Amino acid sequence: MIKVAVNGYGTIGKRVADAVAAQPDMEIIGVSKTKPGAEAFVAKQRGYPLYIADITKKENFEKAGIQVAGSVADMIQKADIIVDATPGGVGEGNRVLYEKYGKKAIWQGGEDHEVAGFSFNSSCNYTEAIGKQFARVVSCNTTGLCRIINLIDSAFGVKKVRATMVRRGGDPGDVKRGPIDAIVLNPVTIPSHHGPDVQSVLPNINIVTSAMIVPTTLMHMHFLNMELKNPATKEQVIELIKAHSRLGLIEKSTGITSTAELKEYACDLLRPRGDLWENGIFKESISVLEGTDLYLFQAIHQEADVVVETVDCIRAMAGRCQTASESIAITNKAVGLTA
Ligand code: NAD
């Protein structure tokens, strides 16, 4: 069993912990928090040993009825690999600890590419991660972009991508984020950072991105245009998407035309936390104009898509599966990602 520690048991960390615990070849040896709170109680209920960043705060946890297994440094020493899901910018500072104990580590998209020197997406560069000490799983938006762009590029060649991201203001449980009543250009400049981030995984893709933030929490929505090198038909694109287990097609017959209805669908499917691990591609939006001009809308569940990628990244770095398809099949089955 691969011994995994999750440093930062928040929105992403708690999902990664549950996904790892569900895998047949991995186990959670600990998770970490900075303060006692609802998520710490959930960790206790799940049976995950809880470690804390600042051991002097041990009493605060114990007063709240939460047993502390030790410090983050103790946790790291027990793990084969650490998933760092601390808030963006915090994880970078933890690299010294992972180096000190000679451990493998995976950061999330809130950190820069340079923190690991390698950016990961299961469908695009799984084999490059095999045996690596450090990797970064790219952000939710970049993950969603990489999946579809790489698929279309492999089949028809992509000359240029133009993508606009309509981003959620904050996660549902995040009461401090916004906006409450505005459309915020974020960034106001074009291109946004998302294009270069895609290039950290797919360096040969020519891409220009723009982004805005809106008052919603459920998901992001992408509008994508791909100029193709070779002609394609709408039907060919649909068939390719159908064959990719992490790209979901939203059929017209469902009546779903919004993130709210899509999230409700994921909840009704009894997905844990209503998580949609796949890109939600609206089938009716797929259009190929003049043979080489592809358009589509896709919804991205920011809290979920990177979770399954992180599990594959663990497996690649541990050298357990030699192909992406092998790992993806194990990960999907274990979490319950079925058609
Ligand atoms: P979060 O704030 O929900 O959770 C972070 C957790 O880390 C919290 O539980 C906090 O207690 C803990 N923490 C803070 N400082 C710590 C420290 N020094 N040591 C140990 N634990 C510490 O954050 P999140 O949204 O889960 O984001 C984590 C990472 O995932 C970031 O890089 C973020 O950019 C990335 N990411 C987030 C989303 C999203 O939608 N939330 C999507 C994709 C990627």
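Figured I'd write up the structure that's included with this text. (Residues numbered from 1 in each chain as written. Predicted model: local features only at pLDDT ≥ 70, side-chain atom pairs only at ≥ 80, totals over all residues. Heavy atoms only, no water.)

Moving on to the site of the ligand. Around the ligand there are 23 residues in total, and Thr 11, Ile 12, Lys 33, Arg 168 and Asp 171 lie nearest to it. In this structure, Lys 33 approaches the ligand through a side-chain N or O atom, which is 2.6 Å from an oxygen atom. In the environment of the ligand, an oxygen atom lies 3.1 Å from a nitrogen or oxygen atom belonging to the side chain of Thr 34. With the chains in place, 80% of the 820 Å² that the ligand exposes on its own is no longer accessible. The set of elements that each furnish at least two residues to the shell around the ligand consists of α1 (11-21) and β2 (26-33). Both domains that furnish three or more residues to the shell around the ligand are identified here as domain 1 (2-139 + 306-335) and domain 2 (140-300). (Near = heavy atom within 4 Å. Polar contact = N/O pair within 3.5 Å; in protein donor to acceptor, adjacent residues only side chain to side chain. Areas by Shrake-Rupley, 256 points an atom, 1.4 Å probe, with all protein chains shown as cover. Helix = DSSP H or I, 4+ residues; strand = E, 2+ residues; numbered from the N terminus. Domains from an automatic or database assignment.)

For the structure on display, the rule yields 24 salt bridges. A salt bridge links Lys 58 to Glu 62; its shortest N-O distance comes to 3.9 Å. Of the two residues, Lys 58 and Glu 62 are both situated in helix α3 (residues 58-63); the distance of four residues between them amounts to about one turn of the helix. Residue classification places Lys 58 among the partly exposed residues on the basis of a relative accessible area of 33%. For Glu 62, a relative accessible area of 41% gives the class partly exposed. A salt bridge links Lys 63 to Glu 59; the nearest nitrogen and oxygen atoms lie 3.7 Å apart. Taken together, the residues span about one helical turn, with Lys 63 and Glu 59 both in helix α3 at a distance of four residues. Comparing Lys 63 with Glu 59 shows no difference in burial state: the two are exposed. (Salt bridge = Lys/Arg side-chain N within 4 Å of Asp/Glu carboxyl O. Buried < 20%, exposed > 50% of the residue type's maximum accessible area, 1.4 Å probe, protein only.)

Let us now look at the packing of aromatic side chains. The tally for this structure, following the rule as stated, stands at six aromatic pairs. Arranged with centres 6.2 Å apart and planes meeting at 75°, the rings of Tyr 9 and Tyr 48 form a pair that is edge-to-face. Here the residue Tyr 9 occupies a position in the loop between β1 (2-7) and α1, and Tyr 48 occupies one in the loop between α2 (38-46) and β3 (50-52), the gap between them amounting to 39 residues. Note on accessibility: Tyr 9 and Tyr 48 belong to one class, buried. When the ring of Phe 223 is compared with that of Phe 297, the centres are 5.4 Å apart and the planes differ by 50°; the resulting orientation is tilted. Residue Phe 223 is found in strand β12 (residues 220-228), and its partner Phe 297 is found in strand β16 (residues 293-300); the two are separated by 74 residues along the sequence. Given the relative accessible area of 36%, Phe 223 is considered partly exposed. (Phe/Tyr/Trp six-rings, centres within 6.5 Å; stacked < 30°, edge-to-face > 60°.)

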